[in-house]
Amino acid sequence: MSEIPNSFTLDGQLVPFEPGQTILQAALAAGHYIPHLCSSPELKPHGSCKLCTVVVNGRHGSACTAHAMPGQDVQSDTPDLNGKRRLQVQMLFVEGNHFCPGCEKSGNCKLQAVAYDLEMLNPHFPHFFPQRPVDASHPDILLDRNRCIMCEQCVEASRDIDGKEVFGLAGRGLASHLVVNSPSGLLGDSALEAGDKAANICPVGAIVHKRVGYAKPIGARDYDTLGIRAQARAAAEGEGP
Amino acid sequence: MFDLETAANPEKLRRIAIDPVSRVEGHGKVTLLLDENNKVHQVRLHIVEFRGFEKFIEGRPYWEVPVTVQRLCGICPVSHQLAAVKAMDIIAGFGPLPATAEKLRRLMHYGQILQSHAVHFFHLASPDLLLGFDSEMTRRNIIGVVADHPELATQGVLLRKFGQEVIRHVSGKRVHGTGAIPGGVNKALSAAEQAEMRGGIDAMIKWSRDAVQLLKRLHHGNPEFYNRFGAFDSSMMGLVNGKGELDLYHGGLRARDADGAILFDHVDYATYDSLLDEEVKPWSYMKFPYIRAIGPEHGWYKVGPLARVQVCDRIPSPLAEVERQELAALGQGRPVHGTLLYHWARLIEMLHACEVIRDLLDDPDITGTTLMAEPGPRVEEAVGVIEAPRGTLFHHYRVDEHDMVSFCNLIVSTTNNNQAMNEAIRSVARQFLTGREITEPLMNHIEVAIRAYDPCLSCATHALGKMPLEVELLDAEGRLLQRRAHNMAGAA
């Protein structure tokens, strides 16, 4: 049991939480990074990417959906869990077509940042090189399914924040893919607007604004100077008590 | 039909293959056919490359292209980025670039010229020129140059490094940065970055001058050999500015014939496809460009340093211009065509690049902060052309109404030199191969001729002076008589 009420231990360190917070929310608020891709502070957690899997009192669970409870013993930053996370990220890389060298999201991409954080040095698995359609029909937004990791943040944002339900996932397993809710199935015929949350939340380069790629110079991109873990720590310190 | 391109009775002849002669974009090989008396009947440089960039760039957004296509090459990515972005400036509808944006692009480009020419001369070519074409193979590489000429080798490394640092300051990375984006550039140059480069450029100018003097000493040691090795007459093409001066970033197309007469001048490069055509030959995957008006037989041409310094009227920087005049004097009023003179011209261009970098760094515009042009209406199709280190580089794109590339045609510098490189090795074959037993130094004579053009193959595989080569000597019945090979590590 931890000594302070409403606290748990994460990798041996005491982490305070507010009632109702998830383990991931409390950890991030305290400056402790747990790798994650499908979770966003603005969206309801849905535990789909499984990257934030931690061991809570001996049992595996998603830190983004598990509520923080007093006295929990949570393990996250362990060689075993990080090794499994690395495998998951490697699988994401080979399942899509993620060509970082030419990608306009490079340097600003959460998938790339998490891969660096987990010290992923190669894809490990053979690339699938799937054939995935690119939808350029929208005047302002490009949908490149090659880079989609099916985190569903656009799906949730469109439904819960924009109130439009533009995006959805269809198919099962390897055939899963992002679909657009419009008569033609094309983004240009949907209700999506450039200012929508769904058009601005993609953690990778699947939904990007047209004609502005590479505008941020190398050195000023999101993860050029601070990695994703260091940024989580800095954010907590900046907003801390 | 070109002399030595196709033998009349190939089935009667012995075949010697140098296979593979690799290049960055894929692989090439040299084949020779000889009769019983070892007379050469056929010599071909076959390029068996397939890169596919023109195809897989289709269906990609136009703003991605300048960054993606530079992956064509690790030695001159800046050239591909700038040729593509010049086309995309037009396609995206941007007006004239602000002075700062154009000058930063020029700075990056001349940094590219400097580093590419430095790596070619010091790392790739100097082992042949300083140590000898037929010197001990295991020492005929940059390590051998370091051992015999340590100060020179150090200068070569530092010249290249300086060029790469110029590129990094503009594009964010030494290789494969971003920098140029449709409509301008994405980053201003800071005063600290300007000062850092300005502090180093004078030494680069001095070392570049020394390199030109070195090449002249080599030439003066055996002028007849340097002038005649792999020599052949041909037309020449390159960009010149409005005043007819050398301009490696932008200008109109000019061509001269082998005697120096103007064939065309100040031609808008957007009309390149009505000016040039490409011939396909069954024995090579690389096309053979030629000037349409003259036809495939006589319309082919040289590009790159030796062509450029002779196509222009003058070089707009004083030190390089003096050197250009000395090279021009060699021909006594007629252009020079010796293959090894490419090295001389390349070093003059390296000196010019250093002078241009210095002048750009002294220009107050270079640290300006207006980086983007004013946008205008989108255009469907555009051509971007630049003088890459190896010669004229054409990028041609069409982009659909949804901003996606629907067509791409690239004529890369080495392709422009396809016929010229073939003629060079045929000239070498006539001069040196007939009647000889195949030896490694003999193989190297062919490599030396190809290497003088600085095609991408020497960049890729000659970094340590050891192209992977395999030469087989077969008798008329196709039986193997003799085989010599060495791998990339140089092991025989």
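Residues numbered from 1 in each chain as written. Chains lettered and ligands numbered in written order. Predicted model: local features only at pLDDT ≥ 70, side-chain atom pairs only at ≥ 80, totals over all residues. Heavy atoms only, no water.

## Describing the overall build of chain A
Then, in step 1: What chain A contains, in helices and strands, is five helices and 10 strands.
Then, in step 2: A principal-axis box enclosing the C-alpha atoms of chain A has dimensions of 60 × 40 × 35 Å.
Then, in step 3: Of the roughly 11700 Å² that chain A leaves accessible, carbon and sulfur atoms contribute 54%.
Then, in step 4: The average position of the 21 basic charges and that of the 26 acidic charges among the side chains of chain A differ by 4 Å. (Helix = DSSP H or I, 4+ residues; strand = E, 2+ residues; numbered from the N terminus. Areas by Shrake-Rupley, 256 points an atom, 1.4 Å probe, with all protein chains shown as cover. Lys, Arg positive; Asp, Glu negative; His and termini not counted. Charge placed at Lys NZ, Arg CZ, Asp CG, Glu CD.)

## Some points on the environment of S171(B)
Then, in step 1: Within the secondary structure, S171(B) sits in helix 6 (residues 150–171).
Then, in step 2: Residues S171(B) and V145(B), spaced 26 residues apart in sequence, show a C-alpha to C-alpha distance of 32 Å.
Then, in step 3: What S171(B) contacts, discounting residues up to four positions off in sequence, is I218(A), M108(B), G177(B), T178(B) and G179(B).
Then, in step 4: At a separation of 2.9 Å, a polar atom in the side chain of S171(B) contacts the main-chain carbonyl oxygen of K173(B). (Contact = heavy atoms within 4.5 Å. Polar contact = N/O pair within 3.5 Å; in protein donor to acceptor, adjacent residues only side chain to side chain.)

## Concerning the pattern of salt bridges
All names here are of chain B.
Then, in step 1: Scanning all chains against the criterion turns up 50 salt bridges over all chains.
Then, in step 2: In this structure, the salt-bridge partner of E102 is R106, at a minimum N-O distance of 2.9 Å. Residue E102 and its partner R106 are located together in helix 4 (residues 99–131), separated by four residues, close to a single helical turn.
Then, in step 3: We note a salt bridge from E447 to R451, for which the minimum N-O separation is 2.4 Å. (Salt bridge = Lys/Arg side-chain N within 4 Å of Asp/Glu carboxyl O.)

## Observations regarding the domain arrangement of chain A
All names here are of chain A.
Then, in step 1: When the domains of chain A are assigned, the result is domain 1 (7–77) and domain 2 (84–227).
Then, in step 2: A separation of 24 Å is found between the C-alpha centroids of domain 1 and domain 2.
Then, in step 3: Taken together, the contacts link 20 residues of domain 1 with 20 residues of domain 2.
Then, in step 4: Buried surface at the junction of domain 1 and domain 2, summed over both partners, amounts to about 1500 Å²; 55% is from carbon and sulfur atoms.
Then, in step 5: If you sort the residues of domain 1 by the area they bury against domain 2, L37, L43 and L51 come out on top, with a joint share of 43%.
Then, in step 6: Inspection of the region where domain 1 meets domain 2 yields one salt bridge.
Then, in step 7: Across the salt bridge formed by K197 and E42, the nearest N and O atoms sit 2.6 Å from each other.
Then, in step 8: Across the contact surface, domain 1 and domain 2 share 10 residue pairs in polar contact (both at pLDDT 80 or more).
Then, in step 9: Residues that form the side of domain 1 that touches domain 2 fall into these classes: 10 nonpolar, seven polar and three charged. (Domains from an automatic or database assignment. Buried area = accessible area lost by both parts, 1.4 Å probe. Nonpolar A, V, L, I, M, F, W, Y, C, P; charged D, E, K, R; others polar.)

## Quick notes on the packing of helix 11 (residues 318–329) of chain B against helix 12 (residues 341–361) of chain B
Residue and element names in this part refer to chain B.
Then, in step 1: Running from N to C, helix 11 and helix 12 point in directions that differ by 165°, and their axes come no closer than 8 Å. In terms of orientation, helix 11 lies roughly antiparallel with respect to helix 12. The way helix 11 lies across helix 12 gives a crossing that is left-handed. Every residue of helix 12 that contacts helix 11 at P318, L319, A320, E323, R324, E326 and L327 is listed here: W344, A345, I348, L351, H352 and E355.
Then, in step 2: Grouping the amino acids of the contact of helix 11 with helix 12 by side-chain chemistry returns eight nonpolar, one polar and four charged. (Axes fitted to C-alpha atoms, helices over the stretch in contact; angles between N-to-C directions. Parallel < 35°, antiparallel > 145°, perpendicular 65-115°, else oblique. Left-handed = near helix turned anticlockwise from the far one by under 90°.)

## Description of the packing of aromatic side chains
Residues and elements named next belong to chain B.
Then, in step 1: Summed over all chains, the structure comprises 13 aromatic pairs over all chains.
Then, in step 2: Relative to Y226, the ring of F225 has its centre 6.3 Å away and its plane inclined at 75°; by these criteria the two rings are edge-to-face.
Then, in step 3: Taking relative accessible area as the criterion, F225 reaches 25% and is therefore assigned partly exposed.
Then, in step 4: Among the residues examined, Y226 registers a relative accessible area of 6% and is labelled buried.
Then, in step 5: Taken together, a centroid distance of 5.9 Å and an interplanar angle of 35° make the contact between F232 and W300 tilted. Of the two residues, F232 is situated in the loop between helix 8 (223–228) and strand 6 (235–240) and W300 in the loop between strand 10 (288–291) and strand 11 (301–302); the sequence distance between them amounts to 68 residues. (Phe/Tyr/Trp six-rings, centres within 6.5 Å; stacked < 30°, edge-to-face > 60°. Buried < 20%, exposed > 50% of the residue type's maximum accessible area, 1.4 Å probe, protein only.)

## Examining the nonpolar core
Then, in step 1: Ranked by size, the top nonpolar core spans 131 residues in total, and within it L32(B), L107(B), I357(B), Y397(B) and L433(B) carry the most contacts.
Then, in step 2: With 40 residues, the next largest nonpolar core counts C109(A), L118(A), L187(A) and A199(A) among its residues. (Core = buried A, V, L, I, M, F, W, Y, C linked by side-chain atoms within 4.5 Å.)

## Thoughts on the domain arrangement of chain B
Residue and element names in this part refer to chain B.
Then, in step 1: Segmentation of chain B into domains returns domain 1 (4–49 + 421–461) and domain 2 (53–418).
Then, in step 2: Taking only C-alpha atoms, the centre of domain 1 and the centre of domain 2 are 26 Å apart.
Then, in step 3: With 32 residues of domain 1 at the contact, the number on the domain 2 side is 34 residues.
Then, in step 4: Both sides together, the interface formed by domain 1 and domain 2 hides about 3000 Å², and carbon and sulfur atoms give 58% of it.
Then, in step 5: Considering only the side of domain 1, the residues that lose the most area to domain 2 are A452, Y453 and D454, jointly responsible for 20% of the buried surface there.

## As for the interface of chain B and chain A
Then, in step 1: Contact with chain B, which involves 19 residues of that partner, is made by 18 residues of chain A.
Then, in step 2: Among the residues chain B hides against chain A, the three largest losses belong to R60(B), W63(B) and H402(B). Together they make up 33% of the total.
Then, in step 3: On inspection of chain B and its partner chain A, the count reaches four salt bridges.
Then, in step 4: Here D403(B) ties to R211(A) by a salt bridge, and the two come within 2.7 Å at their closest N and O atoms.
Then, in step 5: The interface formed by chain B and chain A contains seven residue pairs in polar contact (both at pLDDT 80 or more).

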